[in-house]
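# Breakdown of the fold
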Amino acid sequence: MCGIVGYIGFRDAYPIIIKGLHRLEYRGYDSAGISLFDKELKVYKKAGKVSDLENFVKDIDLGGTIGMGHTRWATHGAPNDRNSHPHSSGNRKLTIIHNGIIENYGIIKETLVNKGHVFKSDTDTEVLIHLVEDIQNETGLDLREAVRVALTKVIGAYAIVIMSADEPDLLIAARKGSPMVIGVGKGEYFIASDATPIVEYTKNVIYLNDNEVAYLRREDLLIKNIDNTVQTPYIQKLDLQLEMLEKGGYDHFMLKEIYEQPRSIRDCMRGRIYPQQGKVQLGGIKEYTEKLKNIDRIIIVACGTSWHAGLVGEYLIEEYARVPVEVEYASEFRYRNPIITEKDLVIAISQSGETADTMAAIELAKEKGATIFGICNVVGASIPRTTHAGVYTHAGPEIGVASTKAFTAQVTVLTLMAFYIAQQRGTITQSKLIEHLTELNSIPELVERALKSNDHIKEIAEKFKDSTNCLFLGRGSSFPVALEGALKLKEISYIHAEGYPAAEMKHGPIALIDDDMPVVFIATKDSSYEKVISNIQEVKARKGHVIAIVTEGDTEVKGMADFVIEIPQTDEAFVPLLATIPLQLLAYHIAVMRGCNVDQPRNLAKSVTVE
Ligand code: G6P
């Protein structure tokens, strides 16, 4: 969390930085701040969104061709002006921005306080810049060395940028555990938490590795390891278009991303399925084909929406590949002593590819000898660089904090993986595979059709926008869809919502049902249809309001539910890809009607780089 951006070159730094901060705001929006050098080192910071910072500085002349900015997701210290980044050293000659957590900041702070350092904020970050200053004072080291030495003393995760009043043609950046990309221009360099602030200026980027420190000047760039050895940077070409980062006529990124799903699912399958030949090809994991034949178990680790995708994956992989699957919250998995062997395959799912808990779960499983696959959306992020192999979702940048198109793309990849593994292990017949892949190939069109219910869903949203609670129920692979529907609603509209397996309702949630309680059922025509109908009746008997997602042409549920939303008929295996669409739209419209900021829900961030 927290977004950082820096610039050194020949252009005015402020417009580049502020635009970059807007792009990175998905990472946190508790406060924002900038540091610029224009004759002297200046700092401006403000609690609130990037636009609040813009308003705050609008009458100030902001010159300078070197600078940096930060948008914060608060960890240590309340989200106020004082705790906003950048933070300064005691002598005001150094400024720092930071994404991550310095875990041993308490002990370092105590030592520094005893030496007379005075702190102005409650943050861990301020401690680091005082430490650099202290090392300079004590040892006389130059700034480059002092920063490097300071970093050897901190425990935790960081992506930092430091500026100095004494060296106004230098930006020092470093990373360990938090992402950082350098944009390489002609006579200019950019630095940011991801490539989105950089893409319009250059497509040449370097992804900084853990434990690297970069020294950026207008005319050159030097990257060293924390142990002081010079590194040879690997410059890559960005595959990112500017249009992907804009709303393209939609009111919100979330709505744009919901509507992008026919395309994103198609992009995800492109070149990977051959329906007529009954073949799935996944280049990213093909080296592990033999291994897949002999795995004992698959463990899926993920957080949030990605964890829900993992649960759908469990149904698909067990059904088709006949391998036992366990799905774990990454944050729980790492804090017990899980039994993992070399015959296990761990699949880590992450949209951002940066989630700290998922990263840590991967490290743990790696230590124990498991093979690790990644399913990620952001190309070049930390998780795809840590895993042994993987499959990108290719959904394109997802900017709305609530995940939509990334979820359906993750489910699509898991579907492909299930068939791929089944193919290798001989647990599916060729004719079945042809049948399934032919249907899978038509899913983008069926998603397009599901989106046509938007106006009807808006009418339903109007009826339930003032609810305080909502239940989401489904069975089989529609249970994780119910969880995802509940998560979407609660995270963007702040309505309390729970997802449950429909049959579990009678073991508790049924007590909540009265004539104030909307209950959303996924009641499509599949193997549990009849059972779900019984659950609907149980809710109706207690005067609950039923909104049912049904298969096109259904008449039975229509007769008992208050509202139905139709989705096209498809294979049972692919229902999650379609049933999710109306739930996303329902959450979206309710949140808009309640006046919520759907793209930036309170307290959340898109990329969670703290544990
Ligand atoms: C945050 C985001 C969620 C996301 C989760 C996991 O909580 O707000 O949308 O599902 O992190 O993120 P990942 O990038 O690992 O999928």
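Heads up: the structure comes first, above all this text.
Below is a summary of the structure that appears in this document.

Each value, and the rule that gives it
Residues numbered from 1 in each chain as written. Predicted model: local features only at pLDDT ≥ 70, side-chain atom pairs only at ≥ 80, totals over all residues. Heavy atoms only, no water. Pairing = 2+ DSSP bridges. Helix = DSSP H or I, 4+ residues; strand = E, 2+ residues; numbered from the N terminus. Right-handed = clockwise from strand over helix to strand, strands pointing away. Buried < 20%, exposed > 50% of the residue type's maximum accessible area, 1.4 Å probe, protein only. Contact = heavy atoms within 4.5 Å. Polar contact = N/O pair within 3.5 Å; in protein donor to acceptor, adjacent residues only side chain to side chain. Phe/Tyr/Trp six-rings, centres within 6.5 Å; stacked < 30°, edge-to-face > 60°. Lys NZ or Arg CZ within 6 Å of the ring centre and 35° of its normal.

So, about the pairing of strand S18 (residues 325–329). For strand S17 (residues 297–302) and S18, the ladder comprises 5 bridges, and the chain directions are parallel. Counted as the bridge partner of Ile300 is Val327 from S18. With helix H9 (residues 304–320) bridging S17 and the parallel S18, this β-α-β connection has right-handed handedness.

What follows deals with the environment of Glu398. Relative to the assigned elements, Glu398 resides in the loop between strand S21 (389–392) and helix H13 (405–425). Taking relative accessible area as the criterion, Glu398 reaches 5% and is therefore assigned buried. Distance from Glu398 to Lys256, taken between C-alpha atoms, is 9.6 Å for residues 142 residues apart in sequence. Discounting residues that sit within four places of it in the chain, Glu398 has contacts with Glu257, Gln351, Asn377, Ser403, Thr404, Lys405, Ala406 and Lys606. Within the structure, Glu398 has its side chain in polar contact with the backbone nitrogen of Thr404 (distance 2.8 Å).

Applying the stated criterion across every chain yields a total of 8 aromatic pairs. Where Phe419 meets Phe574, the ring centres are 6.3 Å apart and the plane angle is 80°; that geometry is what we call edge-to-face. With Phe419 in helix H13 and Phe574 in the loop between strand S26 (563–567) and helix H19 (575–593), this pair connects stretches of sequence that are 155 residues apart. The same class applies to Phe419 as to Phe574, namely buried. For the ring pair Phe464 and Phe563, a centre distance of 5.8 Å and an interplane angle of 85° mean the geometry is edge-to-face. Taken together, the residues Phe464 in helix H16 (residues 454–464) and Phe563 in strand S26 connect sequence positions 99 residues apart. An aromatic cluster is present here, built from Tyr7, Phe190 and Tyr201 joined pairwise through their rings. In this structure, Lys109 is placed above the aromatic ring of Phe119, and the distance from its NZ or CZ to the ring centre is 5.2 Å. Here the guanidinium or amino end of Lys279 rests over the ring plane of Tyr274, the centre of that ring lying 5.6 Å away.

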